[in-house]
Amino acid sequence: MTVEQQAPVRGARTRTSRAPSKPHGQWAVDGNEPLNANEEFKLADGGLNVRERIEQVYAKGGFASIDPTDLHGRFRWWGLYTQRKPGIDGGRTAQLEPHELEDEYFMLRVRIDGGQLTTEQLRVIGGISTEFARDSADLTDRQNVQLHWVQVEDVPEIWRRLEAVGLSTTEACGDVPRVILGSPVAGIAADEIIDPTPQIREIADRFIGDPTLANLPRKYKTAITGHPSQDVVHEINDCAFVAVEHPELGIGYDIWVGGALAAVPRLGERLGAFVVPERVGEVWHGVTQIFRDYGYRRLRNKARLKFLLADWGVEKFREVLENEYLGSPLPDGPAAPTPTTIGDHVGIHRQKDGRFYVGAAPLVGRVSGTTLTALADLAEVHGSRRIRTTPHQKLLVLDVPEDEVDGLVAGLDAIGLSSRPSLFRRGTIACTGIEYCKLAIVETKVNAAQAIEQLEERLGALEPEIGRPITLHVNGCPNSCARIQVADIGLKGQLVTIDGEQVPGYQVHLGGGLAGVGRDEAGLGRTVRGLKVPADGIADYAERVIRRYLADRADGE
Ligand code: SF4
């Protein structure tokens, strides 16, 4: 009997025909004997259980009272990471132990499934930021809001305020199903194929915080869109659903699995199966259970779903999903057509109900609690009660009556949220970087913001000729939180040698992108060997690339 035919027996020791010489730590194959320190602490006590200790012990006893395993492990299950101690330069990141790099303050990630917020919720986040997080707030490229400078003493009160308005930090980090990316224009766009909100809500309500899915091999990312622009970067998620019309079965979703970037990037693959909206929750649950039961747990750097998919292949993956987890086959389905519009939703757009939504670009995702509160007030003044965050570090204000649009746009400009940004501001994103991230080697947001300003000055007049945003993604280390491999210009933070001296800089990746305007399918950028730029040289390099592109591009490129 093959693995594909067996009913899964959790913890049973069975063998596949391709069993590795060393166990991968697959629970359904090797048993669940922990093979590394992360697996040990997760099995000993689940990450979700730390909440009670935070509320009952650590918030009262302060930072010094926190058990190190909770601090460096389980806290993440509630969206909490220690942030980097100020003043430690990137050259020392690899030399110091993690605890030597960390501060007694936390980064707190607020989970916003589908990026859907009410103005009331936004105001609560803004208030928490100003009161407990030194007015810090970053919009992440996974539709979350990330706060900094949080002290453990304040966490229970922060949770109380968030949960009172239906928000949470549950499983915002950790080896769990992270926030579900959702089309920022779900339910409103005039050209929408299907509103994915019911599917996003079903997964979030049924499975987030479910202890049976709270110990996955590593993080697990989901994306769902019903918009033809495919606005959720689905190719780089572990499990994604993209709206498509089946010739006989109507509107549903094309399912993708196994995408992820980091040091070994891999684009997701279509299973070739069609999922009706009513089965999305069940199918997502099946894929997630495959990851839990068969995902590799021995080595952390091999623990994402992409490695299992690479070994199994799409055919076997679908077979296991259908036979072991769904109990019935999925129909074959078509691929969604390549998008013909840009999916960042920046600018002014008419909704299906005749009102408008306005998409605005903060500078590299950086805002503040004050700005978020001002945005909530401004939206309400102009008739809106709904805000969306996007996977491109942008914000949308929904449901704006036509005669309020101009006033809203002017108000957004006044608080630093441009709905008519330059192509450079629109296309640039940056990860957290050395200001707060313990893994960072290089500063990101400040350098990227300066580069935008310089590019606007130098190339602003050429924007009509350039025609579309040039994506410039800036990372502070070899991880890929800012998706460097799928940018026109991706910059990976590292120390670079210039004139014989090691300085903070970036390795260049060129020519990556997701399927969209001018690009039939996603492709990973090319690492240009030896091409490195110093941290203050982003604009110089981007200018050279853009001028050369304008001079050399083929007709229609
Ligand atoms: Fe930190 Fe590196 Fe991720 Fe940037 S890419 S946020 S520096 S881990």
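For the structure, see preceding data.
Per-chain numbering applies: the sequence of each chain, read as written, is numbered from 1 onward. Local features in a predicted model are, by the rule used here, given only for residues with pLDDT of at least 70; side-chain atom pairs are given and counted only at 80 or more, and totals for whole chains, interfaces and linings are based on all residues.

Thoughts on the sheet that holds strand β19 (residues 501–510)
The strands making up a sheet associate through backbone hydrogen bonding, with each pair oriented either parallel or antiparallel. We apply this condition: What makes two strands pair is DSSP finding at least two bridges between them. Helix and strand definitions here come from DSSP, where helices need a minimum of 4 consecutive H or I residues and strands a minimum of 2 consecutive E residues; each element is numbered from the N-terminal end. For helices, the axis comes from a line fit to the C-alpha atoms of the stretch in contact; other axes are also lines fit to C-alpha atoms, and the angle between any two N-to-C directions lies between 0 and 180 degrees.
The mixed open sheet is built from five strands, whose spatial order is β16-β17-β18-β19-β20. Looking at strand neighbours, the two that pair on one side only are β16 (428–430) and β20 (526–534), the edges of this open sheet. Across the sheet, the mean angle from the axis of one strand to that of its neighbour is 30°, orientation sign disregarded. Judged from the five bridges that link them, β19 and β20 form a sheet pairing that is antiparallel. Counted as the bridge partner of G505 is P534 from β20.

Section: the packing of helix α9 (residues 280–294) against helix α10 (residues 305–326)
Definition in use: Note on terminology: angles under 35 degrees are roughly parallel, angles over 145 are roughly antiparallel, angles of 65 to 115 are roughly perpendicular, and the others are oblique. We call a crossing left-handed when the near helix sits turned anticlockwise from the far one by less than a right angle, and right-handed when that turn is clockwise. Each residue gets a C-beta atom placed from its backbone, and two residues are in contact if those atoms lie within 7 Å. Residue polarity is assigned by list, with Asp, Glu, Lys and Arg as charged and Ala, Val, Leu, Ile, Met, Phe, Trp, Tyr, Cys and Pro as nonpolar; anything else, Gly included, falls into the polar class.
Their axes nearest at 10 Å, the elements α9 and α10 cross at an angle of 125°. One element, α9, and the other, α10, form an angle in the oblique class. Crossing angle aside, the handedness with which α9 passes α10 is right-handed. Contacts from E282, V283, G286, V287, Q289, I290, F291 and Y294 in α9 reach L305, L308, V320, L321, Y325 and L326 in α10. Split into classes, the residues belonging to the contact of α9 with α10 amount to 11 nonpolar, two polar and one charged.

Points about the sheet that holds strand β3 (residues 116–118)
Reading across the sheet, the five strands line up as β3-β14-β15-β12-β11 and stay open at both edges, with antiparallel pairing between neighbours. Each having just a single partner strand, β3 and β11 (347–350) make up the two edges of the open sheet. In this sheet, neighbouring strand axes are inclined to one another by 25° on average, regardless of whether the strands run parallel or antiparallel. Summarising the sheet, strand β12 (residues 356–360) and strand β15 (residues 395–400) pair through four bridges and their orientation is antiparallel. Paired with A360 across the strands is L395, a residue of β15. Together, β3 and β14 (386–389) form the strand contacts of helix α6 (residues 119–132), whose direction differs from that of β3 by roughly 85°.

Description of the pairing of β15
What counts, and what does not: Once C-beta atoms are placed from the backbone, each residue is buried if 20 or more other C-beta atoms lie within 10 Å of its own, exposed if 12 or fewer, and partly exposed for counts between those two.
The buried fraction of β15 amounts to five of the six residues, a majority that puts the element mostly inside the structure. The sheet contact formed by β14 and β15 spans three bridges and is antiparallel. Across the sheet, the residue bridging to I387 is V397, located in β15. Hairpin connection from β14 to β15: five residues lie between these consecutive antiparallel strands, with Q393 at a positive phi of about 60°.

Side note on the environment of N479
As for its placement among the helices and strands, N479 is situated in the loop between β17 (472–474) and β18 (489–498). Among the residues examined, N479 registers 17 C-beta atoms within 10 Å and is labelled partly exposed. Separated by 216 residues in sequence, N479 and A263 have C-alpha atoms that sit 5.8 Å apart. Sequence-distant contacts of N479, that is, excluding residues within four places in its chain, are made with A262 and L439.

Description of the environment of P177
As for its position among the elements, P177 is in strand β6 (residues 177–182). Separated by 54 residues in sequence, P177 and R123 place their C-alpha atoms 26 Å apart. Residues contacting P177, with those up to four places away along its chain left out, are E171, F207, I208, L213, Y220, T222 and T288.

Comments concerning the site of the ligand
Cut-off, in case you're wondering: Nearness is defined per residue: the C-beta atom, placed using the backbone, must lie within 6 Å of the molecule or strand.
The environment of the ligand is formed by C431, T432, G433, C437, L439, A440, N475, G476, C477, N479 and C481. Taken together, the residues that form the shell around the ligand break down as six nonpolar, five polar and no charged.

Some remarks on the pairing of strand β1 (residues 80–84)
Of all five residues in β1, five are buried, a share of seventy percent or more. Examined bridge by bridge, β1 and strand β2 (residues 102–110) share four bridges and lie antiparallel to one another. Within β2, the position partnered with Y81 by the bridge is M107.

A short note on helix α11 (residues 369–381)
Our working rule: Multiply 1.5 Å by the residue count of a helix minus one, and that product is the helix's expected span.
The first and last C-alpha atoms of α11 sit 18 Å apart over 13 residues, in line with the 18 Å expected at 1.5 Å per residue. Taken residue by residue, α11 has G369, T371, L372, T373, A374, L375, A376, L378 and A379 as its buried positions. Its buried side turned inward, α11 meets α6, β4 (136–139), β13 (366–368), β14, β15 and α12 (405–414).

Section: the packing of helix α8 (residues 197–207) against α9
Two quantities define a packed helix pair, namely the angle between the axes and the distance from one axis to the other. Two elements in contact, α8 and α9, have axes whose closest approach is 9 Å; the angle formed by their N-to-C orientations is 50°. The orientation of α8 with respect to α9, classified from their angle, is oblique. When the axes of α8 and α9 are compared, the crossing they make is right-handed. Side by side, α8 and α9 meet where Q199, E202, I203, R206 and F207 of the first sit next to V280, G281, W284 and H285 of the second. Classifying every residue of the contact of α8 with α9 by side-chain character gives four nonpolar, three polar and two charged.

It is worth stressing that arrangement in space is one thing and function is another; only the former is reported here.
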